[in-house]
Structures are given as structure tokens and as C-alpha cells.
Amino acid sequence: LLTLHRLYFGRTPANEKIPLTSAIVSELQVAAQRHGLLAGAVDGVLSERTRAALREFIGNENLEERVDLERGTIDPPALSHIREYFR
């Protein structure tokens, strides 16, 4: 429960946020595909197609405060959560 509390209510300093590199975008695309939110190839590109799917995926997981698609960053706890539960 404490891990979930930190995930949903914790704060990460801006300097600790992780840039959405091509490799991380690919991981997020795979997670969105597994939930039927993204069709097509996993290409690691943060295109509008990918952004739309990720907005829905992030909203479903209540990670809106942890992933900033406009700035191209993700918090370490959110990335860990996605890697653990959506690979």
C-alpha cells in the first residue's frame, strides 16, 4: 500500500524526471498496445497517434501527475510501475 501511495501522491523533483527517449517511448507504446489503445508498429516516436494512446493509458492508470507528454518526461516511480505491471 505504501508503494501505491508514493506512486499516486508522491512528488519527484524536476531534475529527477526521466526524458522520454525513443527506448522509453517504445516501452510505453508496448504497454498501450497490450491494452488495445495503440494500433500499428512500435517505433519509439512520440507522434500524435502515440500521444493520444498514451494520454488514454496514463489516464486509465491515474498517472497524469507523473507523465508530462508536453515536456517529454516521466517520473521514476511511474516508469517503474509501468515496467513492473505492463511488460
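Presented here is a report on the structure given in the accompanying data block.

The rules behind the values
- Residues numbered from 1 in each chain as written.
- Predicted model: local features only at pLDDT ≥ 70, side-chain atom pairs only at ≥ 80, totals over all residues.
- Heavy atoms only, no water.
- Helix = DSSP H or I, 4+ residues; strand = E, 2+ residues; numbered from the N terminus.
- Buried < 20%, exposed > 50% of the residue type's maximum accessible area, 1.4 Å probe, protein only.
- Salt bridge = Lys/Arg side-chain N within 4 Å of Asp/Glu carboxyl O.
- Pairing = 2+ DSSP bridges.
- Contact = heavy atoms within 4.5 Å.

This part is about the overall build of the protein. Looking only at helices and strands, the protein features 4 helices and 3 strands. Element order for the protein, N to C, with α for helix and β for strand: α-β-α-α-β-β-α. For the C-alpha atoms alone, the extent of the protein along its principal axes is close to 35 × 25 × 20 Å. The buried share of the protein, taken over its 87 residues, is 37%.

Further remarks concern the pattern of salt bridges. Going through the model one piece at a time under the given rule, you end up with 7 salt bridges. Asp43 serves as the salt-bridge partner of Arg49, at 3.8 Å between the closest nitrogen and oxygen. A network of salt bridges, in which partner residues are shared, links Lys17, Arg66 and Asp75.

Looking now at the sheet that holds strand S1 (residues 18–19). Read from one edge of the open sheet, 3 strands run S1-S3-S2, paired in antiparallel fashion. Edge strands, defined here as strands with exactly one partner in the open sheet, are S1 and strand S2 (67–68). Two strands pair when backbone bridges link them, and S1 and strand S3 (residues 73–74) are joined in this way by 2 bridges, in the antiparallel orientation. What sits directly across from Pro19, in S3, is Thr73.

Within the secondary structure, Thr50 sits in helix H3 (residues 48–60). Residues in contact with Thr50, not counting those within four places in the same chain, are Val25, Gln29, Leu38 and Val45.

Read these as spatial facts, not as claims about activity.
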